[in-house]
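# Commentary on secondary and tertiary structure
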Amino acid sequence: MPPKAAGERRRPTQERAKATREHILDTAAQLFGERGIANTSTNRIATAAGVSIGTVYRYFTDRSVMVEELLRRLLENVERRFSQRVFGLGERPTEEMIYGVLSVIADELVENALLVRALVAGVQFYNSGIPEFEPRLRLLMKVLVIQMLGPGDDHEYDLMTFVLINTGFAAVLRASALEVDAASRAESIHMTARMMAAWLDAEITAVKK
């Protein structure tokens, strides 16, 4: 069997390339959280990651692409936790179900509190906070509404979903701030869940009449 060419021997495997990309992204997330997005250059990210600036640009055309990737990763983690929690709460009381959903979102945001603060401060945001959170979570919440209320008016369910997302996520985003301690966070989420559950239970009662 002929020996491999030197160039082929140096070519990174797909797994290695993926690991390098994730390492650069993890480094960017840490620096964004510590310094803010505007104060973190791609050169600084490269130095902290221990790679050349050329390697950084091989995977990310600019800093904004890193921000988009970090938002995507955060969203995917929230969606995964959301789906797992809803799946496990099927027949529970409304308040317990909503508290569970809000809690898992809060858990993810707290684990990434510095990065979330940097993302909120560094990109344009509206309504519930970070761009793309609302439309991505809206579908999951609508499924939950349909599960609780059964078949109904699609437009009305869209409006209910919009209200739930804006109320719930806005509360969770603020409760997950660095300055909020765990006890205050839990109390805030409990109160929000109680208010949302009272409204949903009233809607369920109205539908059954």
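Treat the numbers as computed from the prediction; the structure is a model and nothing was measured.

Moving on: the confidence of the model for the chain. For the chain, mean pLDDT is 80; residues scoring 70 or higher make up 83% of the total. When the criterion is pLDDT under 50, residues 124-129 qualifies, and its contacts beyond four places in sequence or with other chains add up to 16 contacts.

In this section: the packing of helix α6 (residues 94-111) against helix α9 (residues 154-175). With their axes 9 Å apart at the nearest point, α6 and α9 run at an angle of 40° to one another. Compared by their axis directions, α6 and α9 come out oblique. In this structure, the crossing between α6 and α9 has a hand that is right-handed. On α9, the residues that touch L102, I105, A106 and L109 of α6 are G168, F169, V172 and L173.

The first and last C-alpha atoms of α6 sit 26 Å apart over 18 residues, in line with the 26 Å expected at 1.5 Å per residue. All of the buried residues in α6 are T94, M97, I98, G100, V101, L102, S103, V104, I105, A106, E108 and L109.

F32, M66, I105 and L109 are the most contacted members of the largest nonpolar core, which totals 53 residues. When neighbours within four sequence positions are excluded, F32 is seen to be in contact with I37, T40, I45, R63, M66, V67, L70, L115 and A118.

Attention now moves to the side chain of R185. Note that R185 resides in helix α10 (residues 182-208). It is D107 that comes nearest to the buried, bridge-free R185 among opposite-charge side chains, at 6.9 Å. One polar contact links the side chain of R185 to the main-chain carbonyl oxygen of A175, over a distance of 3.0 Å. Here R185 is in contact with V110, A175, S176, A177 and V180, once residues within four sequence places are set aside.

This part takes up the pattern of salt bridges. Applying the stated criterion across every chain yields a total of seven salt bridges. Here E22 and R73 are joined by a salt bridge, their closest N and O atoms 2.9 Å apart. Taken together, the positions of E22 in helix α2 (residues 14-35) and R73 in helix α5 (residues 63-87) put the pair 51 residues apart, joining distant regions of the chain. What makes R73 partly exposed here is its relative accessible area of 21%. Here the salt bridges do not stand alone but share partners, grouping R21, E69, R72 and E76 into one network.

About the thresholds
Residues numbered from 1 in each chain as written. Predicted model: local features only at pLDDT ≥ 70, side-chain atom pairs only at ≥ 80, totals over all residues. Heavy atoms only, no water. pLDDT = per-residue confidence, 0-100. Contact = heavy atoms within 4.5 Å. Axes fitted to C-alpha atoms, helices over the stretch in contact; angles between N-to-C directions. Helix = DSSP H or I, 4+ residues; strand = E, 2+ residues; numbered from the N terminus. Parallel < 35°, antiparallel > 145°, perpendicular 65-115°, else oblique. Left-handed = near helix turned anticlockwise from the far one by under 90°. Expected span 1.5 Å × (residues − 1). Buried < 20%, exposed > 50% of the residue type's maximum accessible area, 1.4 Å probe, protein only. Core = buried A, V, L, I, M, F, W, Y, C linked by side-chain atoms within 4.5 Å. Lys, Arg positive; Asp, Glu negative; His and termini not counted. Salt bridge = Lys/Arg side-chain N within 4 Å of Asp/Glu carboxyl O. Polar contact = N/O pair within 3.5 Å; in protein donor to acceptor, adjacent residues only side chain to side chain.

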